Structure formats: structure tokens, C-alpha cells
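Topology and contacts: notes
So you can see what is in the structure, the chains are spelled out below.
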Amino acid sequence: MESRLVGRTALVTGAGSGIGAACAQRLAAEGAKVAVVDINGKDAERVASHIRDAGGEAMSLVADVTQCDQVQAAVDETVRAYGRLDILHANAGITPCLVPVGDCPEESWRRVLDVNLTGVFLCVKAALPIMRKQKKGVLLATASVAGLTSSPAGIEYNVSKTGVIMLMRHVAHVYGPDGIRSIAICPGWVDTPFLKPLWDAFGSPGRSILRSSSPLGRFATPEDVAASVAFLASDEASFISGTAFTIDGGTTAGAPLARGALVRGYMAMRSGIRRLQGKPPAKLAP
Ligand SMILES: NC(=O)c1ccc[n+]([C@@H]2O[C@H](COP(=O)([O-])OP(=O)(O)OC[C@H]3O[C@@H](n4cnc5c(N)ncnc54)[C@H](O)[C@@H]3O)[C@@H](O)[C@H]2O)c1
């Protein structure tokens, strides 16, 4: 493991599970002191103690990212304990209702935008004065490839993530002269508890279809995302700012339809070769 973040302080929200937990652990493993923030205090403390057991420095804090005073208190406590704030990763997020806009309950629209977008806005607002004073800082937010393309269901989620991408671009644009970098991270499907509602809705056939949406044929692991986050937080990425950084195994490189056609074309070619060889046609892999 590299040590690119020695002497840095990081705060990660939604760090009690999935991507946030992996990012908190990776940032700590690279030398950062980490505030592990989550609405679920037990999960946050489990991750923080895991970091401490591994020889890192971490504390857990409870905050609901939709509550301005709780976000401010988490940032203040981090600065009080660790002296500065170099990296803020606004990562907390929730899943949408899996329906098209015509069926989307107003409550889900408001709740998803509140957590996924307003939550990032509040984190950014709380961190900016400290980073501007330091003349240095990195703001990262977990958006999604869902912020780059539309999908048949979960429009409130797409809109929230597009908003996060624009917010992070704005921050890069306006606060770059203060030494602040700002990046929206856009993972594709990541295998975390977040996807449970999808598996409940689509079952295992849906799981294999979604898995094949990446040309690499697998979901990302939380650790895949954490490796990119550690790089982007480090000085190795010192000229990367204002971008939507995809970590999607090529999912957005081409339309799924085009990839489907490619696969069908490849299978037809293989079947033709097998026919010439007098063998039965090949089965399409699940
Ligand atoms: N899993 C995926 O496929 C995927 C893909 C792209 C983007 N994302 C995004 O990554 C982020 C993390 O997702 P994950 O897959 O690790 O999910 P997860 O459900 O494993 O973790 C989310 C964490 O956020 C916390 N949280 C929820 N609401 C909160 C609030 N109001 N305040 C503070 N904490 C809160 C939860 O307690 C949980 O610990 C989310 O923003 C999600 O939209 C996930």
C-alpha cells in the first residue's frame, strides 16, 4: 500500500457501509486521519475501530447529511480533533423508487434529492471556509454514471447525481484559485448493500444482466472505487479538477444496445464456425 496521504485529514460521509467504508479504510491505510461519518453510529464506529485495529487513526461521528447543523458539527469536530481538513468525501446516498417519473412518489423525489444532492451541498458549504483558509483542499463527491445517462426508472436518483456533477464542477471553477480541487466520482454498478432493492425487484436474472452492462463483465468492488478516490485525493492528481471521473468498467463507453449487437454478432460468428466444424451452436453465456 502506498503512503500518499500521510499528514492529511479526511472526512467521509456514508462511511459506515459499502463504498464509503472502503474509502475511509483506504484513505487511512495511505496515512490520512479519518473522520468516519454516518447516520448509523454503530456502523460508523465498526469501520473506525477496524481502521484503528489495522494501525490507522480514525474516529466515528454521527451525522445526518440532510441536517445543516449536524454536518457543520461533524466538520468542526474533525478540525478540532485533527487540526485541519484536507479531504472531504461527500458520499452518503440512498436508492430511488424503481419506477418512471409518472409513477414516482413526490416523497421519494424530495427525499432522494435531499440526501443525495442537498447532503453534498451542505458538506461542501461546511468544508469550503476551512479549505479556503488553508489554501488547499480536495472535495470529492460520489455521483454516479446515473448522473451522466438517463435510465427507465429511478429518475429522482439520476437528477440528484447530475446535480452533484454540476455542483462539483461549479466548486472547481470558482474555488480553484483558492487551491481547492473538486471532483465528482461516477461509479457504475458497485456490489454493496445499496443494490439490495434492485436484487429484490429483479432477482438473479436481473443481476446477471446488470453485471454484463460493463464490458468487463463484473460489478465494481467498493475497493475499486476506493483506489481511485485515494489517487484523486493525493497530490498525484494535483491537476485533476472539475471533472466527472468514471469508474465503470467501460459501461458508458458505448450504448448497451451496441454492445448487445456486438455480442450477438460475435455469437453468430462463433455459431457459424461451429456449424462448419459440424458442432452444435454455442449457448450464450448468462
Ligand atoms: N452501489 C452502487 O452501485 C453505486 C453506484 C454509483 C454510485 N453509488 C453511490 O455511492 C454512494 C454510497 O453508496 P453505497 O453503494 O456504498 O451504499 P450503502 O448503502 O452501502 O452505504 C450508504 C451509507 O450512507 C449512509 N447514509 C444514508 N443516508 C444518510 C444520511 N442522510 N446521512 C448520513 N449517512 C447516510 C448509510 O447509513 C450507509 O452507511 C451513494 O451516494 C450512492 O448513490 C453507488
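The structure we're discussing is the one just above.
In short, a report on the structure.

Right, let's get into the nonpolar core. Ranked by internal contacts, the top residues of the largest apolar core, which has 73 residues, are A24, L27, V34 and V36. The element contributing the most residues to this core is helix 4 (residues 106-134), with ten residues. Those residues in contact with V34 that sit more than four places away from it in its chain are A10, V12, A24, L27, A28, I51 and A58.

Of note in this structure, K135 is not a glycine but carries a positive phi near 65 degrees. With respect to the element layout, K135 can be found in the loop between helix 4 and strand 5 (137-142). By C-beta crowding, K135 is classed as exposed, having 10 other C-beta atoms within 10 Å.

Attention now goes to the pairing of strand 5. Among the six residues that make up strand 5, six are buried, leaving the element largely enclosed by the rest of the structure. Here strand 5 shows a buried face lined by G137, L139 and A141 and a second buried face lined by V138, L140 and T142. Bridge analysis of strand 4 (residues 87-90) against strand 5 gives four bridges, and the strand direction is parallel. Bridge pairing in strand 5 places I87 opposite V138. Tracing the backbone out of strand 4, into helix 4 and back to the parallel element strand 5 gives a crossover that is right-handed. Relative to strand 6 (residues 180-187), strand 5 is paired through six bridges, and the arrangement is parallel. Its bridge partner lying in strand 6, T142 is registered against I185. Handedness of the strand 5-helix 5 (residues 155-175)-strand 6 crossover: right-handed.

Calculation criteria
- Residues numbered from 1 in each chain as written.
- Predicted model: local features only at pLDDT ≥ 70, side-chain atom pairs only at ≥ 80, totals over all residues.
- Core = buried A, V, L, I, M, F, W, Y, C linked by C-beta atoms within 7 Å.
- Buried ≥ 20, exposed ≤ 12 C-beta atoms within 10 Å, placed from the backbone.
- Helix = DSSP H or I, 4+ residues; strand = E, 2+ residues; numbered from the N terminus.
- Contact = placed C-beta atoms within 7 Å.
- Pairing = 2+ DSSP bridges.
- Right-handed = clockwise from strand over helix to strand, strands pointing away.

The values reported here are purely geometric and, on their own, carry no functional implication.
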